[in-house]
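# Notes for the structure review
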Amino acid sequence: MVSLKRIYTITGLVFLILIVGIVAISTWYTVDESDQAVIMTFGKVEETITEPGLHVKLPWPIQSVEKLSKETFSLKFGYKEEDGEVKDYPSETKMITGDENIVLADLVVQWKITDPPKYLYNAEDPEKILYDTTSAALRSIIGSTKIDDALTSGKAQIEADVRELLSQLMKKYDVGISISAVKLQDVELPNEEVRKAFTNVTDARETANTKKNEADKYENKRMNEAVGEKDAILSQANGDKAARTESARGDVAVFEKLYSEYKDNKGITKDRLIIETLEGVLPNAEIYIMNDDGNTMKYLPLRSLEKEETKKPPVPEDPNAETKTENPPEEKATGEGGTKQ
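Residues numbered from 1 in each chain as written. Predicted model: local features only at pLDDT ≥ 70, side-chain atom pairs only at ≥ 80, totals over all residues. Heavy atoms only, no water.

On a plain count of helices and strands, the protein chain comes out with nine helices and 13 strands. Within the protein chain, the fraction of its 341 residues that count as buried is 20%. In the protein chain, the share of contacts with a sequence separation of at least 24, taken over all contacts with a separation of at least 6, comes to 65%. Carbon together with sulfur atoms contributes 54% to the accessible area of the protein chain, which is approximately 26200 Å² in total. (Helix = DSSP H or I, 4+ residues; strand = E, 2+ residues; numbered from the N terminus. Buried < 20%, exposed > 50% of the residue type's maximum accessible area, 1.4 Å probe, protein only. Contact = heavy atoms within 4.5 Å. Areas by Shrake-Rupley, 256 points an atom, 1.4 Å probe, with all protein chains shown as cover.)

Tallying each qualifying case throughout the model produces eight salt bridges. Across the pair Lys118 and Asp174 runs a salt bridge whose closest N-O atoms are separated by 2.9 Å. Of this pair, Lys118 sits in helix 3 (residues 116-121) while Asp174 is found in the loop between helix 6 (155-173) and strand 11 (177-188), placing the two residues 56 residues apart along the sequence. Accessibility expressed as a relative area gives 31% for Asp174, which makes it partly exposed. (Salt bridge = Lys/Arg side-chain N within 4 Å of Asp/Glu carboxyl O.)

Let's shift gears to the confidence of the model for the protein chain. Of the residues in the protein chain, 82% have a pLDDT of 70 or more, and the chain-wide mean is 79. Long-range and interchain partners of residues 321-341, a stretch whose pLDDT sits below 50, account for two contacts in this model, where long-range means more than four residues apart. (pLDDT = per-residue confidence, 0-100.)

Bringing the nonpolar core into the picture now. Counting 32 residues, the largest nonpolar core has Leu107, Trp111, Leu130, Leu138, Val162, Ile177 and Ile179 as the members making the most contacts within it. Considering every element that reaches this core, the biggest residue donor is strand 10 (residues 102-113), with six residues. Apart from the residues lying within four places of it in its own chain, the contact partners of Leu130 are Leu75, Trp111, Leu166, Met170, Ile177 and Ile179. (Core = buried A, V, L, I, M, F, W, Y, C linked by side-chain atoms within 4.5 Å.)

Bringing the sheet that holds strand 3 (residues 44-49) into the picture now. Read across the open sheet, the three strands follow the order 3-2-5; overall the sheet is antiparallel. Each of the sheet's edge strands pairs with one partner strand only, and the pair in question is strand 3 and strand 5 (63-69). On average, each strand axis in the sheet is tilted by 25° relative to the strand beside it, whichever way the strands run. Where strand 2 (residues 35-41) meets strand 5, seven bridges bridge the pair, whose relative direction is antiparallel. (Pairing = 2+ DSSP bridges. Axes fitted to C-alpha atoms, helices over the stretch in contact; angles between N-to-C directions.)

Looking now at the packing of aromatic side chains. Per the counting criterion, the structure on display carries four aromatic pairs. Arranged with centres 6.4 Å apart and planes meeting at 15°, the rings of Phe255 and Tyr259 form a pair that is stacked. Here Phe255 pairs with Tyr259, and both are found in helix 7 (residues 192-264), just four residues apart, close to one helical turn. When its relative accessible area of 54% is taken as the criterion, Phe255 is described as exposed. With relative accessibility at 46%, the residue Tyr259 sits in the partly exposed group. (Phe/Tyr/Trp six-rings, centres within 6.5 Å; stacked < 30°, edge-to-face > 60°.)

Turning our eyes to something else, we now look at a nonpolar patch on the surface. Where nonpolar side chains cluster on the molecular surface, the patch consists of Ile10, Val14, Phe15, Leu18, Ile19, Ile22 and Trp60 and spans about 720 Å² of accessible area. For Trp60, the position within the fold is in the loop between strand 4 (53-56) and strand 5. (Patch = residues over 30% accessible without salt bridge, like charges linked within 9 Å, V, L, I, M, F, W, Y side chains within 5 Å.)

This paragraph deals with the pairing of strand 2. Counting buried residues along strand 2, seven of its seven residues qualify, which places the element largely inside the surrounding structure. What you see with strand 2 is no split at all: Asp35, Ala37, Ile39 and Thr41 on one side and Gln36, Val38 and Met40 on the other are buried throughout. Examined bridge by bridge, strand 2 and strand 3 share five bridges and lie antiparallel to one another. If you follow Val38 over to strand 3, its bridge partner there is Thr48. Linkage of strand 2 to strand 3, two consecutive antiparallel strands, is achieved through a turn of two residues, within which Phe42 is found at a positive phi near 50°.

See below:
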């Protein structure tokens, strides 16, 4: 009996030590900076702990802790990286564009767990839901996009549309996942022959765009030159207009002065105007002023005299010549004691 009692005592102490150890161990828990914890009481979610450090809870099995990461995860759609090698899954990435062409499209989705209780208990496999939803969103956007946009300049718009649609669907499914970013990796044609044909079409289109841009550039250049020539012609015309206007005003002023003189001295003014007009029309002609009294016409050749005076060389003066003064001759005396006369 003594030995049996001793055995019970030792067994009880062992169980007590185990219980105390379990209580001591399960009462304390730590949360890292990259983790978040969910506290559950008899399987019911009580709260979410996001602050890092040492925390206290009721011992197991009253309360338990479920830890989840706060980091950003990457979902690779259409391929996987295994041992440094990329393995493609073309059967998953083959889809039809809006203009009924086949392309292969794969992408990467950046996502985070933003509601741990929903992530743990609202769905059996939230990541599988995310994968299927990504496939549906990508196929929906590619199915409404033309192949040219999918292969060239429309990738950014496709990424934005897929992210928006995927975020809406994940919010609707309510599994505690939020979408951070969507990045298209590759969008390509299914085989080499199709890729080559599309490349030729793309090159031809780029050549056509280049020619069109060059034509537009030449057109703009010629238009600018034409506008400049037009402005120059208008400016010159305005200058000629102003010059002719001022010249006409000057002629009017001269005419008014001449008319005023003509009213006062009609004969003289008329003769002067005739002479000035002849000099202007015939600049090299010689003009003679004649007086005809009916018998003999007399004139004074003023121009001939002017020409002769112009042709006659000047007489140089001798600086050494002495100025001679002529004295009147003395008259001879007549007779004796004659006088000078």
